[in-house]
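The lines below spell out each chain.
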Amino acid sequence: MKQSNLFIPTMKDSSTEGAEYIQLLLKGGYIRQVGSHDFAYLPLANRIIQKLELLLRAELRALDANELRFSVTNQVAQQESVLTDNQLQLVTDLALTDFSVIQLLSREIQSYRQLPLTFYQVQTIAVDEVKRMHSLLKETHELFVDGFFLHPTKEGREAIYQQLLKAISQFLSKCEIDFAMLTGDGIHALQSKVFIGDTENGYETVLKASLGSYEALQTLAISQGSNKVSAKNYLPLEHLQAIEKEAPRLQIQLFKQAEKMIAVFMRQEDELSVVKLHKVLATDEIVGFEGGEVFASLEELLAECVIYADETVLTQANYTLADCAFLAKNYQNVNLASFEQVQFVDLRLVHPGETAIESQGILEASSAVRIARVENMRAIDSSVFHVTNDENERVQIELGHFAMNLSEIFALIVDQKRVGQKMSWPRAIAPFDVHLIAVEIQDYYQKQLMQFVEEKLIQANYEVLVDDREERIGVKFAEADLIGCPIRIVVGKKAADQVVELEIMSSQSKVEVRLDDLLGTLEILLAQNAE
(Lines give C-alpha, C1' and ligand atoms only; values in the text may rest on other atoms or scores of the structure.)
Protein backbone atom coordinates (compact mmCIF):
# COMPACT_ATOMS: atom_id res chain seq x y z
CA MET A 1 0.00 0.00 0.00
CA LYS A 2 1.20 3.51 -0.82
CA GLN A 3 1.76 5.57 2.31
CA SER A 4 0.44 8.65 0.51
CA ASN A 5 -2.96 6.91 0.30
CA LEU A 6 -3.05 5.81 3.94
CA PHE A 7 -4.51 8.10 6.59
CA ILE A 8 -1.75 8.33 9.22
CA PRO A 9 -2.05 11.71 10.96
CA THR A 10 1.25 11.65 12.85
CA MET A 11 2.12 14.52 15.15
CA LYS A 12 5.37 15.80 16.65
CA ASP A 13 3.93 16.36 20.09
CA SER A 14 0.66 15.47 21.79
CA SER A 15 -1.20 18.02 23.86
CA THR A 16 -3.23 15.25 25.53
CA GLU A 17 -2.10 14.10 28.94
CA GLY A 18 -1.50 10.40 29.43
CA ALA A 19 1.04 7.62 29.82
CA GLU A 20 3.89 7.21 27.33
CA TYR A 21 2.18 4.40 25.43
CA ILE A 22 -0.88 6.63 24.91
CA GLN A 23 1.37 9.46 23.72
CA LEU A 24 3.00 7.08 21.23
CA LEU A 25 -0.39 5.98 19.88
CA LEU A 26 -1.46 9.60 19.46
CA LYS A 27 1.82 10.72 17.87
CA GLY A 28 1.89 7.67 15.58
CA GLY A 29 -1.58 8.38 14.21
CA TYR A 30 -3.12 5.22 15.63
CA ILE A 31 -5.85 6.82 17.73
CA ARG A 32 -7.57 10.16 18.29
CA GLN A 33 -9.63 11.18 21.26
CA VAL A 34 -13.32 11.57 20.36
CA GLY A 35 -14.75 12.12 23.82
CA SER A 36 -13.61 12.62 27.36
CA HIS A 37 -12.92 8.88 27.74
CA ASP A 38 -13.03 7.30 24.26
CA PHE A 39 -10.83 7.03 21.18
CA ALA A 40 -11.31 6.63 17.45
CA TYR A 41 -9.17 3.77 16.15
CA LEU A 42 -7.61 5.04 12.91
CA PRO A 43 -6.47 2.83 9.98
CA LEU A 44 -3.18 1.64 11.51
CA ALA A 45 -4.82 0.67 14.80
CA ASN A 46 -7.77 -0.85 13.01
CA ARG A 47 -5.49 -3.10 10.96
CA ILE A 48 -3.85 -4.32 14.17
CA ILE A 49 -7.18 -4.94 15.92
CA GLN A 50 -8.41 -6.89 12.87
CA LYS A 51 -5.29 -9.06 12.95
CA LEU A 52 -5.77 -9.70 16.66
CA GLU A 53 -9.31 -10.87 15.93
CA LEU A 54 -8.12 -13.08 13.05
CA LEU A 55 -5.47 -14.72 15.21
CA LEU A 56 -7.94 -15.38 17.99
CA ARG A 57 -10.60 -16.70 15.61
CA ALA A 58 -8.07 -19.14 14.15
CA GLU A 59 -7.36 -20.55 17.63
CA LEU A 60 -11.04 -20.82 18.53
CA ARG A 61 -11.96 -22.27 15.13
CA ALA A 62 -9.54 -25.11 15.83
CA LEU A 63 -11.74 -25.94 18.86
CA ASP A 64 -14.91 -25.90 16.71
CA ALA A 65 -16.14 -22.79 18.51
CA ASN A 66 -19.17 -21.00 17.04
CA GLU A 67 -19.00 -17.23 16.63
CA LEU A 68 -22.19 -15.25 17.20
CA ARG A 69 -22.90 -11.63 16.36
CA PHE A 70 -25.75 -9.53 17.69
CA SER A 71 -27.13 -6.39 16.10
CA VAL A 72 -27.50 -4.71 19.48
CA THR A 73 -25.85 -5.00 22.87
CA ASN A 74 -28.35 -6.14 25.49
CA GLN A 75 -27.13 -4.37 28.59
CA VAL A 76 -28.20 -6.24 31.70
CA ALA A 77 -29.12 -3.07 33.55
CA GLN A 78 -31.58 -2.15 30.78
CA GLN A 79 -33.13 -5.60 30.21
CA GLU A 80 -33.27 -7.35 33.59
CA SER A 81 -37.03 -7.76 33.32
CA VAL A 82 -36.80 -10.32 30.50
CA LEU A 83 -34.55 -12.68 32.48
CA THR A 84 -35.74 -15.26 34.94
CA ASP A 85 -34.32 -14.99 38.45
CA ASN A 86 -32.03 -17.94 37.82
CA GLN A 87 -30.80 -16.54 34.50
CA LEU A 88 -30.15 -13.17 36.12
CA GLN A 89 -28.20 -14.86 38.92
CA LEU A 90 -26.06 -16.67 36.34
CA VAL A 91 -25.34 -13.38 34.55
CA THR A 92 -24.38 -11.85 37.91
CA ASP A 93 -22.15 -14.81 38.80
CA LEU A 94 -20.29 -14.51 35.50
CA ALA A 95 -19.89 -10.72 35.91
CA LEU A 96 -21.39 -10.16 32.45
CA THR A 97 -22.47 -6.78 31.10
CA ASP A 98 -24.37 -8.44 28.24
CA PHE A 99 -26.81 -11.31 28.49
CA SER A 100 -27.56 -11.92 24.79
CA VAL A 101 -25.82 -15.29 24.62
CA ILE A 102 -27.40 -16.64 27.83
CA GLN A 103 -30.85 -15.58 26.68
CA LEU A 104 -30.37 -17.12 23.22
CA LEU A 105 -28.88 -20.41 24.39
CA SER A 106 -31.48 -20.94 27.11
CA ARG A 107 -34.14 -20.69 24.41
CA GLU A 108 -32.49 -22.65 21.60
CA ILE A 109 -30.73 -25.56 23.35
CA GLN A 110 -33.39 -28.09 24.29
CA SER A 111 -31.68 -31.50 24.18
CA TYR A 112 -28.45 -32.90 25.58
CA ARG A 113 -27.85 -34.34 22.10
CA GLN A 114 -27.12 -30.78 20.89
CA LEU A 115 -24.08 -30.71 23.15
CA PRO A 116 -21.14 -30.14 23.43
CA LEU A 117 -21.10 -26.60 22.06
CA THR A 118 -18.77 -23.61 22.39
CA PHE A 119 -19.91 -20.09 21.54
CA TYR A 120 -18.30 -16.68 21.57
CA GLN A 121 -18.93 -13.13 20.43
CA VAL A 122 -16.62 -10.18 19.76
CA GLN A 123 -18.35 -6.97 20.70
CA THR A 124 -17.69 -3.42 21.88
CA ILE A 125 -19.37 -2.94 25.24
CA ALA A 126 -19.66 -0.21 27.85
CA VAL A 127 -17.57 -0.73 30.98
CA ASP A 128 -18.24 0.61 34.45
CA GLU A 129 -16.13 3.30 36.07
CA VAL A 130 -14.04 0.88 38.14
CA LYS A 131 -13.09 -1.22 35.09
CA ARG A 132 -12.44 1.95 33.08
CA MET A 133 -10.01 3.33 35.65
CA HIS A 134 -8.22 -0.04 35.84
CA SER A 135 -7.70 -0.26 32.06
CA LEU A 136 -4.67 1.04 30.18
CA LEU A 137 -6.54 3.33 27.79
CA LYS A 138 -9.17 4.40 30.37
CA GLU A 139 -11.98 4.03 27.81
CA THR A 140 -15.70 3.82 28.60
CA HIS A 141 -16.13 1.30 25.77
CA GLU A 142 -13.81 -1.64 25.06
CA LEU A 143 -13.64 -4.53 22.61
CA PHE A 144 -14.42 -7.73 24.50
CA VAL A 145 -14.64 -11.42 23.68
CA ASP A 146 -17.26 -13.28 25.70
CA GLY A 147 -17.61 -17.04 25.33
CA PHE A 148 -19.34 -20.07 26.82
CA PHE A 149 -18.82 -23.79 26.60
CA LEU A 150 -21.49 -26.33 27.45
CA HIS A 151 -21.13 -30.07 27.88
CA PRO A 152 -23.37 -32.84 29.26
CA THR A 153 -20.55 -34.22 31.47
CA LYS A 154 -18.01 -32.81 33.91
CA GLU A 155 -15.20 -34.66 32.14
CA GLY A 156 -16.13 -33.12 28.81
CA ARG A 157 -16.34 -29.63 30.28
CA GLU A 158 -12.91 -30.08 31.88
CA ALA A 159 -11.43 -31.12 28.51
CA ILE A 160 -12.78 -27.97 26.82
CA TYR A 161 -11.50 -25.87 29.73
CA GLN A 162 -7.97 -27.21 29.23
CA GLN A 163 -8.19 -26.72 25.45
CA LEU A 164 -9.20 -23.08 25.91
CA LEU A 165 -6.34 -22.43 28.31
CA LYS A 166 -3.95 -23.77 25.67
CA ALA A 167 -5.61 -21.83 22.84
CA ILE A 168 -5.47 -18.50 24.70
CA SER A 169 -1.85 -19.14 25.71
CA GLN A 170 -0.95 -19.81 22.06
CA PHE A 171 -2.76 -16.65 20.94
CA LEU A 172 -0.95 -14.47 23.47
CA SER A 173 2.39 -16.09 22.57
CA LYS A 174 1.86 -15.31 18.88
CA CYS A 175 1.23 -11.71 19.92
CA GLU A 176 4.62 -11.88 21.74
CA ILE A 177 3.04 -10.70 25.00
CA ASP A 178 4.90 -11.18 28.27
CA PHE A 179 2.09 -12.88 30.18
CA ALA A 180 1.38 -15.36 32.95
CA MET A 181 -1.54 -17.68 33.63
CA LEU A 182 -2.46 -17.57 37.32
CA THR A 183 -5.15 -18.96 39.57
CA GLY A 184 -8.15 -16.67 39.18
CA ASP A 185 -10.42 -15.13 41.78
CA GLY A 186 -13.75 -16.08 40.20
CA ILE A 187 -16.06 -16.40 43.18
CA HIS A 188 -18.59 -18.75 41.62
CA ALA A 189 -16.14 -20.80 39.56
CA LEU A 190 -15.10 -24.34 40.40
CA GLN A 191 -11.84 -23.61 38.57
CA SER A 192 -10.59 -20.26 37.38
CA LYS A 193 -7.51 -19.05 35.53
CA VAL A 194 -6.66 -15.44 34.79
CA PHE A 195 -4.14 -14.26 32.19
CA ILE A 196 -2.16 -11.18 33.20
CA GLY A 197 0.30 -9.06 31.27
CA ASP A 198 3.28 -7.39 32.95
CA THR A 199 3.33 -3.60 32.81
CA GLU A 200 4.44 -0.93 35.25
CA ASN A 201 1.19 0.86 34.41
CA GLY A 202 -0.95 -2.01 35.69
CA TYR A 203 -3.34 -1.81 38.63
CA GLU A 204 -3.00 -5.47 39.66
CA THR A 205 -0.22 -6.43 42.07
CA VAL A 206 1.40 -9.80 41.40
CA LEU A 207 3.78 -11.53 43.80
CA LYS A 208 6.60 -13.65 42.35
CA ALA A 209 9.13 -15.89 44.10
CA SER A 210 12.69 -14.60 43.70
CA LEU A 211 14.18 -18.12 43.43
CA GLY A 212 11.38 -20.20 41.93
CA SER A 213 8.35 -20.37 39.71
CA TYR A 214 5.67 -19.43 42.24
CA GLU A 215 3.53 -16.50 41.08
CA ALA A 216 0.09 -15.34 42.19
CA LEU A 217 -2.26 -12.39 42.39
CA GLN A 218 -1.47 -10.63 45.66
CA THR A 219 -5.09 -10.99 46.76
CA LEU A 220 -4.75 -14.80 46.55
CA ALA A 221 -1.05 -15.28 47.33
CA ILE A 222 0.26 -17.52 50.09
CA SER A 223 3.62 -17.49 51.83
CA GLN A 224 5.72 -19.91 53.83
CA GLY A 225 3.75 -20.70 56.97
CA SER A 226 4.93 -21.18 60.55
CA ASN A 227 4.32 -24.22 62.69
CA LYS A 228 1.13 -24.46 64.73
CA VAL A 229 1.31 -24.09 68.49
CA SER A 230 0.44 -27.20 70.49
CA ALA A 231 -2.81 -27.13 72.50
CA LYS A 232 -0.85 -28.11 75.60
CA ASN A 233 0.38 -24.52 75.73
CA TYR A 234 -3.16 -23.12 76.03
CA LEU A 235 -4.06 -21.28 79.26
CA PRO A 236 -7.65 -20.97 80.60
CA LEU A 237 -9.73 -18.16 79.05
CA GLU A 238 -10.05 -15.21 81.44
CA HIS A 239 -11.48 -11.72 81.51
CA LEU A 240 -8.67 -9.28 80.96
CA GLN A 241 -7.51 -7.30 83.98
CA ALA A 242 -4.44 -5.61 82.51
CA ILE A 243 -3.00 -5.75 78.99
CA GLU A 244 0.27 -7.64 78.78
CA LYS A 245 2.56 -6.04 76.23
CA GLU A 246 4.16 -9.36 75.30
CA ALA A 247 0.88 -11.17 74.58
CA PRO A 248 -0.17 -11.52 70.90
CA ARG A 249 -3.39 -9.70 70.05
CA LEU A 250 -6.45 -10.57 67.97
CA GLN A 251 -8.72 -8.35 65.91
CA ILE A 252 -12.32 -9.01 64.84
CA GLN A 253 -14.06 -7.82 61.67
CA LEU A 254 -17.82 -8.24 61.32
CA PHE A 255 -19.75 -8.58 58.05
CA LYS A 256 -23.39 -8.98 57.12
CA GLN A 257 -24.49 -11.44 54.44
CA ALA A 258 -28.25 -11.08 54.04
CA GLU A 259 -29.56 -11.85 57.55
CA LYS A 260 -26.40 -13.66 58.61
CA MET A 261 -23.57 -12.17 60.70
CA ILE A 262 -20.01 -13.25 59.91
CA ALA A 263 -17.11 -12.71 62.28
CA VAL A 264 -13.53 -12.90 61.05
CA PHE A 265 -10.63 -13.23 63.49
CA MET A 266 -7.13 -12.17 62.45
CA ARG A 267 -3.87 -11.49 64.22
CA GLN A 268 -3.68 -7.79 65.08
CA GLU A 269 -0.77 -7.18 62.71
CA ASP A 270 -2.36 -8.91 59.71
CA GLU A 271 -4.57 -7.55 56.92
CA LEU A 272 -7.66 -9.31 55.58
CA SER A 273 -7.78 -10.24 51.89
CA VAL A 274 -11.39 -9.49 51.03
CA VAL A 275 -11.01 -11.51 47.83
CA LYS A 276 -10.07 -14.62 49.82
CA LEU A 277 -13.09 -14.04 52.06
CA HIS A 278 -15.35 -13.74 49.01
CA LYS A 279 -14.05 -17.07 47.70
CA VAL A 280 -14.59 -18.76 51.07
CA LEU A 281 -18.16 -17.46 51.23
CA ALA A 282 -18.75 -18.00 47.47
CA THR A 283 -20.25 -14.51 47.27
CA ASP A 284 -19.19 -10.87 47.26
CA GLU A 285 -22.57 -9.74 48.55
CA ILE A 286 -21.33 -8.90 52.03
CA VAL A 287 -21.22 -5.58 53.83
CA GLY A 288 -18.72 -4.53 56.46
CA PHE A 289 -20.35 -3.97 59.84
CA GLU A 290 -19.27 -0.68 61.40
CA GLY A 291 -21.00 -0.90 64.75
CA GLY A 292 -24.31 -0.62 66.51
CA GLU A 293 -24.36 -4.15 67.93
CA VAL A 294 -22.30 -5.15 70.95
CA PHE A 295 -22.11 -8.74 72.10
CA ALA A 296 -22.18 -9.22 75.85
CA SER A 297 -19.48 -11.86 75.74
CA LEU A 298 -17.15 -13.74 73.44
CA GLU A 299 -19.34 -16.82 73.92
CA GLU A 300 -22.38 -14.90 72.67
CA LEU A 301 -20.50 -13.68 69.59
CA LEU A 302 -19.34 -17.22 68.80
CA ALA A 303 -22.89 -18.53 69.19
CA GLU A 304 -24.66 -15.90 67.05
CA CYS A 305 -22.17 -15.45 64.18
CA VAL A 306 -20.62 -17.66 61.55
CA ILE A 307 -16.99 -17.71 62.65
CA TYR A 308 -13.88 -17.75 60.47
CA ALA A 309 -10.30 -17.32 61.59
CA ASP A 310 -7.17 -16.98 59.53
CA GLU A 311 -4.89 -20.02 59.69
CA THR A 312 -1.98 -17.97 61.03
CA VAL A 313 -3.91 -17.51 64.28
CA LEU A 314 -2.89 -21.10 65.06
CA THR A 315 0.82 -20.18 65.07
CA GLN A 316 0.53 -18.46 68.45
CA ALA A 317 -1.36 -19.07 71.68
CA ASN A 318 -3.05 -17.19 74.50
CA TYR A 319 -4.13 -14.09 72.57
CA THR A 320 -5.38 -10.86 74.07
CA LEU A 321 -8.72 -9.60 72.73
CA ALA A 322 -9.21 -6.04 73.94
CA ASP A 323 -10.78 -2.73 72.89
CA CYS A 324 -13.03 -4.48 70.36
CA ALA A 325 -16.01 -2.35 69.34
CA PHE A 326 -18.22 -5.44 69.07
CA LEU A 327 -17.48 -6.91 72.51
CA ALA A 328 -18.53 -5.57 75.90
CA LYS A 329 -15.65 -7.34 77.64
CA ASN A 330 -11.92 -7.79 77.16
CA TYR A 331 -10.25 -11.21 77.27
CA GLN A 332 -6.89 -12.84 77.70
CA ASN A 333 -5.71 -16.36 76.85
CA VAL A 334 -8.00 -16.54 73.82
CA ASN A 335 -7.34 -19.76 71.87
CA LEU A 336 -9.84 -20.09 69.05
CA ALA A 337 -8.91 -23.73 68.36
CA SER A 338 -10.71 -24.54 71.61
CA PHE A 339 -14.06 -23.59 70.03
CA GLU A 340 -15.46 -26.15 67.59
CA GLN A 341 -17.55 -23.58 65.68
CA VAL A 342 -14.44 -21.73 64.45
CA GLN A 343 -13.45 -22.50 60.83
CA PHE A 344 -9.77 -21.90 60.08
CA VAL A 345 -9.10 -20.81 56.50
CA ASP A 346 -6.53 -18.77 54.56
CA LEU A 347 -7.69 -15.14 54.74
CA ARG A 348 -4.51 -13.10 55.18
CA LEU A 349 -3.25 -10.65 52.57
CA VAL A 350 0.36 -11.57 51.81
CA HIS A 351 2.85 -8.73 51.27
CA PRO A 352 6.12 -8.37 49.31
CA GLY A 353 9.19 -9.41 51.26
CA GLU A 354 7.59 -12.45 52.88
CA THR A 355 9.15 -15.87 52.40
CA ALA A 356 7.87 -17.74 49.35
CA ILE A 357 6.51 -21.27 49.70
CA GLU A 358 8.83 -24.26 49.31
CA SER A 359 11.93 -22.15 50.04
CA GLN A 360 11.70 -20.23 46.74
CA GLY A 361 13.28 -17.09 48.15
CA ILE A 362 11.23 -14.02 48.94
CA LEU A 363 8.07 -12.68 47.30
CA GLU A 364 8.64 -9.69 45.02
CA ALA A 365 5.92 -7.40 43.71
CA SER A 366 5.26 -6.41 40.12
CA SER A 367 2.39 -4.66 38.35
CA ALA A 368 0.14 -6.18 35.70
CA VAL A 369 -3.22 -5.92 33.96
CA ARG A 370 -5.80 -8.64 33.39
CA ILE A 371 -6.33 -9.55 29.76
CA ALA A 372 -8.29 -12.83 29.75
CA ARG A 373 -9.90 -15.45 31.98
CA VAL A 374 -11.34 -18.97 31.69
CA GLU A 375 -13.68 -20.47 34.28
CA ASN A 376 -15.29 -23.81 34.97
CA MET A 377 -18.65 -23.00 36.47
CA ARG A 378 -20.96 -25.08 38.62
CA ALA A 379 -23.53 -27.36 36.97
CA ILE A 380 -26.50 -25.39 35.64
CA ASP A 381 -29.88 -26.78 36.64
CA SER A 382 -32.99 -27.02 34.49
CA SER A 383 -34.36 -23.68 35.70
CA VAL A 384 -31.78 -21.87 33.55
CA PHE A 385 -31.39 -24.17 30.53
CA HIS A 386 -34.38 -26.37 29.75
CA VAL A 387 -32.33 -29.30 28.47
CA THR A 388 -33.87 -32.78 28.42
CA ASN A 389 -32.61 -36.34 27.96
CA ASP A 390 -34.08 -39.03 25.72
CA GLU A 391 -36.85 -39.67 28.29
CA ASN A 392 -37.82 -35.98 28.07
CA GLU A 393 -36.57 -35.43 31.63
CA ARG A 394 -34.84 -32.16 32.43
CA VAL A 395 -31.14 -32.57 33.17
CA GLN A 396 -28.28 -30.43 34.41
CA ILE A 397 -25.59 -29.29 32.00
CA GLU A 398 -21.98 -28.32 32.67
CA LEU A 399 -21.06 -24.72 31.84
CA GLY A 400 -17.82 -22.80 31.41
CA HIS A 401 -17.08 -19.19 30.56
CA PHE A 402 -14.16 -17.36 28.97
CA ALA A 403 -13.52 -13.69 28.29
CA MET A 404 -10.82 -11.53 26.77
CA ASN A 405 -10.26 -7.77 26.51
CA LEU A 406 -8.84 -7.05 23.05
CA SER A 407 -8.61 -3.30 23.70
CA GLU A 408 -6.43 -3.99 26.73
CA ILE A 409 -4.28 -6.44 24.75
CA PHE A 410 -3.75 -3.81 22.02
CA ALA A 411 -2.60 -1.22 24.58
CA LEU A 412 -0.49 -3.77 26.47
CA ILE A 413 1.44 -4.74 23.35
CA VAL A 414 2.26 -1.08 22.75
CA ASP A 415 3.45 -0.67 26.33
CA GLN A 416 5.58 -3.84 26.28
CA LYS A 417 7.04 -3.50 22.78
CA ARG A 418 7.79 0.21 22.58
CA VAL A 419 11.29 1.54 23.17
CA GLY A 420 10.70 5.08 24.34
CA GLN A 421 8.65 6.68 21.58
CA LYS A 422 9.61 4.04 18.99
CA MET A 423 7.34 1.11 18.25
CA SER A 424 8.21 -2.42 17.13
CA TRP A 425 5.12 -4.52 16.42
CA PRO A 426 5.20 -8.32 16.49
CA ARG A 427 4.99 -9.51 12.90
CA ALA A 428 1.81 -11.53 13.47
CA ILE A 429 -0.21 -8.39 14.19
CA ALA A 430 1.86 -5.57 12.66
CA PRO A 431 -0.07 -3.17 10.42
CA PHE A 432 2.35 -4.13 7.63
CA ASP A 433 5.22 -6.61 7.48
CA VAL A 434 7.62 -4.33 5.64
CA HIS A 435 8.13 -0.58 5.52
CA LEU A 436 9.81 0.24 2.19
CA ILE A 437 11.49 3.66 2.16
CA ALA A 438 13.40 5.52 -0.53
CA VAL A 439 15.94 8.14 0.52
CA GLU A 440 15.11 10.20 -2.57
CA ILE A 441 11.88 9.16 -4.25
CA GLN A 442 12.54 11.26 -7.38
CA ASP A 443 15.82 9.48 -8.10
CA TYR A 444 15.27 7.24 -11.15
CA TYR A 445 17.25 4.26 -9.83
CA GLN A 446 15.73 4.42 -6.36
CA LYS A 447 12.19 4.68 -7.69
CA GLN A 448 12.72 1.78 -10.11
CA LEU A 449 14.35 -0.43 -7.46
CA MET A 450 11.51 0.31 -5.02
CA GLN A 451 9.05 -1.04 -7.58
CA PHE A 452 11.13 -4.20 -8.08
CA VAL A 453 11.45 -4.75 -4.31
CA GLU A 454 7.73 -4.18 -3.73
CA GLU A 455 6.81 -6.70 -6.44
CA LYS A 456 9.15 -9.35 -5.02
CA LEU A 457 7.82 -8.90 -1.50
CA ILE A 458 4.17 -9.00 -2.53
CA GLN A 459 4.77 -12.17 -4.57
CA ALA A 460 6.29 -13.68 -1.42
CA ASN A 461 3.11 -12.75 0.55
CA TYR A 462 4.60 -9.89 2.54
CA GLU A 463 2.36 -6.92 3.32
CA VAL A 464 4.26 -3.82 2.25
CA LEU A 465 3.84 -0.17 3.16
CA VAL A 466 5.62 1.91 0.51
CA ASP A 467 6.67 5.40 1.54
CA ASP A 468 6.18 7.14 -1.80
CA ARG A 469 6.05 10.66 -0.35
CA GLU A 470 8.35 13.54 -1.22
CA GLU A 471 9.55 14.11 2.32
CA ARG A 472 12.93 14.61 3.96
CA ILE A 473 14.50 11.29 4.93
CA GLY A 474 14.64 12.38 8.58
CA VAL A 475 10.87 12.82 8.61
CA LYS A 476 10.40 9.44 6.93
CA PHE A 477 12.56 7.63 9.49
CA ALA A 478 10.92 9.42 12.43
CA GLU A 479 7.46 8.40 11.26
CA ALA A 480 8.65 4.88 10.43
CA ASP A 481 9.79 4.56 14.06
CA LEU A 482 6.26 5.43 15.19
CA ILE A 483 4.58 3.06 12.71
CA GLY A 484 6.81 0.23 13.88
CA CYS A 485 6.75 -2.28 11.02
CA PRO A 486 8.95 -5.27 11.99
CA ILE A 487 11.00 -5.11 8.77
CA ARG A 488 12.45 -1.97 7.20
CA ILE A 489 14.03 -1.81 3.77
CA VAL A 490 15.76 1.40 2.69
CA VAL A 491 16.56 2.12 -0.94
CA GLY A 492 19.38 4.64 -1.13
CA LYS A 493 22.60 5.58 -2.89
CA LYS A 494 23.41 2.03 -4.02
CA ALA A 495 20.14 1.65 -5.92
CA ALA A 496 21.98 1.73 -9.24
CA ASP A 497 23.76 -1.46 -8.10
CA GLN A 498 20.42 -2.93 -6.96
CA VAL A 499 21.57 -2.96 -3.32
CA VAL A 500 19.22 -2.11 -0.43
CA GLU A 501 19.59 -1.87 3.32
CA LEU A 502 17.55 -4.51 5.19
CA GLU A 503 16.84 -4.20 8.92
CA ILE A 504 14.93 -6.42 11.36
CA MET A 505 13.70 -3.84 13.84
CA SER A 506 13.29 -6.01 16.96
CA SER A 507 16.90 -7.23 16.86
CA GLN A 508 18.34 -4.25 14.96
CA SER A 509 19.99 -6.71 12.58
CA LYS A 510 21.01 -4.60 9.60
CA VAL A 511 22.66 -5.76 6.35
CA GLU A 512 23.13 -4.56 2.79
CA VAL A 513 21.77 -7.03 0.27
CA ARG A 514 21.33 -7.28 -3.48
CA LEU A 515 17.83 -7.53 -4.89
CA ASP A 516 18.34 -11.11 -6.05
CA ASP A 517 19.34 -12.19 -2.53
CA LEU A 518 16.71 -10.15 -0.68
CA LEU A 519 14.12 -12.85 0.00
CA GLY A 520 16.64 -15.48 1.01
CA THR A 521 18.47 -13.11 3.34
CA LEU A 522 15.20 -11.91 4.82
CA GLU A 523 14.12 -15.48 5.52
CA ILE A 524 17.42 -16.24 7.29
CA LEU A 525 17.28 -13.08 9.44
CA LEU A 526 13.66 -13.72 10.45
CA ALA A 527 14.52 -17.31 11.42
CA GLN A 528 17.47 -16.12 13.51
CA ASN A 529 15.29 -13.51 15.18
CA ALA A 530 12.68 -16.14 16.06
CA GLU A 531 15.20 -18.33 17.91
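Residues numbered from 1 in each chain as written. Predicted model: local features only at pLDDT ≥ 70, side-chain atom pairs only at ≥ 80, totals over all residues. Heavy atoms only, no water.

Q: Explain the sheet that holds strand β11 (residues 250-257) to me, please; I cannot follow it from the model alone.
A: Sheet strands pair by backbone hydrogen bonding; their relative direction is either parallel or antiparallel. Here five strands make up an open sheet; going across it, the order is β13-β11-β12-β14-β17 and the pairing mixed. Two strands lie at the open edges of the sheet, namely β13 (287-288) and β17 (342-345), each paired on one side alone. (Pairing = 2+ DSSP bridges. Helix = DSSP H or I, 4+ residues; strand = E, 2+ residues; numbered from the N terminus.)

Q: Which parts of the structure should I look at to understand the packing of helix α11 (residues 444-459) against helix α13 (residues 518-530)?
A: The angle between the axes and the distance between the axes are what describe a pair of packed helices. At a minimum axis distance of 11 Å, the contact between α11 and α13 shows a crossing angle of 55°. By the angle between their axes, α11 is oblique relative to α13. For the pair α11 and α13, the crossing hand works out as right-handed. Note on element contacts: α13 touches α11 through L518, L519 and L522, opposite V453, K456 and L457. (Axes fitted to C-alpha atoms, helices over the stretch in contact; angles between N-to-C directions. Parallel < 35°, antiparallel > 145°, perpendicular 65-115°, else oblique. Left-handed = near helix turned anticlockwise from the far one by under 90°. Contact = heavy atoms within 4.5 Å.)

Q: What am I meant to see in the sheet that holds strand β23 (residues 499-504) here?
A: Read from one edge to the other, the open sheet built from five strands follows the order β21-β20-β22-β23-β24, with strand pairing classed as mixed. Two strands bound the open sheet, and with one partner strand each, they are β21 (464-467) and β24 (509-514). Ignoring which end each strand starts from, the neighbouring axes of this sheet average 20° apart. By the bridge criterion, six bridges tie β23 to β24 in an arrangement that is antiparallel. Residue pairing across strands places V499 opposite R514, the latter belonging to β24. Along the sheet, helix α12 (residues 473-483) contacts β20 (434-438), β21 and β22 (487-491); its crossing angle with β20, the most-contacted strand, is approximately 175°.

Q: Would you mind going over unusual backbone geometry with me for this structure?
A: Comment: phi is negative for the bulk of residues other than glycine, and the bulk of peptide bonds are trans. A cis amide bond links L115 with the next residue in sequence, P116, at an omega value of 5°. Mapped onto the elements, P116 comes out in the loop between α5 (100-108) and β4 (117-126). At A282, a residue that is not glycine, the phi angle is positive and equals roughly 60°. As for its position among the elements, A282 is in the loop between α8 (274-281) and β13. For A282, a relative accessible area of 39% corresponds to the partly exposed category. Even without glycine at this site, N461 takes up a positive phi of about 70°. (Buried < 20%, exposed > 50% of the residue type's maximum accessible area, 1.4 Å probe, protein only.)

Q: Where do I start with the confidence of the model for the chain in this structure?
A: When pLDDT drops low, the exact placement of atoms in the prediction is not to be read closely. Residues with a pLDDT of 70 or more make up 91% of the chain, whose mean pLDDT is 89. Taken element by element, the predicted model of the chain shows its lowest mean pLDDT in helix α3 (residues 76-79) (44) and its highest in helix α2 (residues 43-61) (97). Taken as a whole, residues 76-83 scores under 50 in pLDDT and shows 14 contacts with residues more than four places along the chain or in a different chain. (pLDDT = per-residue confidence, 0-100.)

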